[in-house]
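# Commentary on secondary and tertiary structure
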Amino acid sequence: MTLTEQVALFDCRKDFADELITLAEADARVMAVCNDSVGSSNLVGFRERFPDRLINVGIAEQDLVGVAAGLANAGKIPFVCAAAPFLTGRALEQIKADVAYSEAHVVLCGQSPGMAYGELGPTHHGIEDLSWMRAVANLDVIVPADPAQTRAAVRWAAASGRPSYLRIPRFKVPAVTPDGAPFEPRRAVPLQDGTDATVIAIGSLTSRALDAAALLRAEGVSVRVLNMPFLDPLDEDAIVAAARETGRIVTAEEATISGGLGAAVAATVVTRHPVPMRILGVPRVFAPTGNTAFLLDHFGLSAAGIVAAVKDLMRHG
């Protein structure tokens, strides 16, 4: 029985919304800005509690980011809430120029990323966001794995004074973060030690990496599992240590492999300590229509898929 079959599963959007309300109660500068997404961003409670601190610009994502930049320039701390594919795709120029280049303290919250909107098809899959956001200078990219990291990400982003992009998952996940685990840039979260290979996972793939490690352990294979909540700035030292100490690395992400976690880890590995790697994610294709669980399995983003990648490395790496 896998981890996700044994424990409660959580919609991290609720934890995001609850933590945002807690922050807003303590700091009058905290605001929410959305694009006709009060319900899907779980902002109903925020609107009821702070009706004058939620701005709904309608379905106008470029204006959404521009308004948030203006609020930041006026001393507010705006949390921009919108579906990940539309926030990052439609407003990329404003994210680059008005937020990152201008060093505006705007917290971009990509709701329901990856393939969370599976039944709505390729137009609603948010699998390119990590590649796009990593390409923008001066923008921190954060991918929480569970409720605890989601809450920590909201707190960190509000206090950082920096532009940031948070990926807020809709697909339900178990709690995986150990009590007292660090949450800061360039700091991976070790979830399991191992000597034969390392799996580095983010977001919804983190619990699946733990499931894979358990399956491999039953076969006598020792796998290290690292969670990387900060995709940028990245914990390069943890990656190099994993390469040196385990000799093989598999990355797993609910995103395209063109420019996301796998690309970031590979760039570190190839320049600092080359070892065999496998990069799991969505290949450079438009993902089909189907529910999220089906799509993850379709692309091998499952415990079985991770097990297969580790075994392939051990045979040929």
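Overview of the structure. As the structure is a prediction and not an experimental result, all values here were calculated from the model.

Once that is clear, we can look at helix 6 (residues 92–101). All of the buried residues along helix 6 are Gln94, Ile95, Val99 and Ala100. One side of helix 6 carries all its buried residues, which in axial view fall inside an arc of 145°. Facing away from the buried side of helix 6 by more than 90 degrees, the exposed set consists of Glu93, Lys96 and Tyr101. Contacts from the buried residues of helix 6 go to helix 4 (61–73), helix 5 (84–90), strand 4 (107–111) and helix 7 (129–134).

Further remarks concern the nonpolar core. Counting 44 residues, the largest nonpolar core has Leu108, Tyr165 and Ile249 as the members making the most contacts within it. Element by element, the count of residues in this core is highest for helix 4, at 5 residues. With sequence-adjacent residues up to four places away left out, Leu108 is seen in contact with Val65, Val80, Leu87, Ile95, Leu139, Ser164, Tyr165 and Leu166. Core analysis: the second largest hydrophobic core is formed by 31 residues, Ala145, Val199, Phe299 and Leu301 among them.

On the secondary structure map, Arg53 appears in the loop between helix 3 (44–49) and strand 2 (54–56). A polar contact of 2.8 Å, which involves the side chain of Arg53, links it to the backbone oxygen of Asp27. Filtering out sequence-adjacent residues up to four positions away, Arg53 remains in contact with Ala24, Asp27, Ala28, Arg29, Val30, Met31, Ala32 and Phe46.

Now for the sheet that holds strand 3 (residues 77–83). A sheet is described by the order of its strands in space; here 7 strands give the open sequence 2-1-3-4-6-5-10, paired in mixed fashion. Looking at the sheet topology across the chains shown, the edges are occupied by strand 2 and strand 10 (230–232). Sheet twist, expressed as the average angle between the axes of neighbouring strands with direction ignored, equals 20°. Pairing analysis gives 3 bridges linking strand 1 (residues 30–34) to strand 2, with the strands arranged parallel. Paired with Val33 across the bridge in strand 2 is Ile55. Along the sheet face, helix 4 touches strand 1, strand 2, strand 3 and strand 4 and points at about 170° away from the line of strand 3.

Okay, the packing of aromatic side chains next. All chains considered together, the criterion is met by 4 aromatic pairs. Note on Phe16 and Phe79: the rings are 6.5 Å apart at their centroids and 55° apart in plane angle, and the pair reads as tilted. Of this pair, Phe16 sits in helix 2 (residues 12–26) while Phe79 sits in strand 3; the two residues are 63 residues apart in sequence, bridging distant segments of the chain. Residue classification places Phe16 among the buried positions, given a relative accessible area of 0%. Where Trp156 meets Phe230, the ring centres are 5.0 Å apart and the plane angle is 80°; that geometry is what we call edge-to-face. Of this pair, Trp156 sits in helix 8 (residues 147–160) while Phe230 is found in strand 10, placing the two residues 74 residues apart along the sequence. Within the aromatic cluster, the residues linked to one another by ring pairs are Trp156, Phe183 and Phe230. The aromatic ring of Phe50 is capped on one face by Arg53, whose charged end is 4.4 Å from the ring centroid.

Here is what the cut-offs are and how they apply
Residues numbered from 1 in each chain as written. Predicted model: local features only at pLDDT ≥ 70, side-chain atom pairs only at ≥ 80, totals over all residues. Heavy atoms only, no water. Buried < 20%, exposed > 50% of the residue type's maximum accessible area, 1.4 Å probe, protein only. Helix = DSSP H or I, 4+ residues; strand = E, 2+ residues; numbered from the N terminus. Arc of directions from axis to C-beta. Contact = heavy atoms within 4.5 Å. Core = buried A, V, L, I, M, F, W, Y, C linked by side-chain atoms within 4.5 Å. Polar contact = N/O pair within 3.5 Å; in protein donor to acceptor, adjacent residues only side chain to side chain. Pairing = 2+ DSSP bridges. Axes fitted to C-alpha atoms, helices over the stretch in contact; angles between N-to-C directions. Phe/Tyr/Trp six-rings, centres within 6.5 Å; stacked < 30°, edge-to-face > 60°. Lys NZ or Arg CZ within 6 Å of the ring centre and 35° of its normal.

All we've got here are geometric facts, nothing functional implied.
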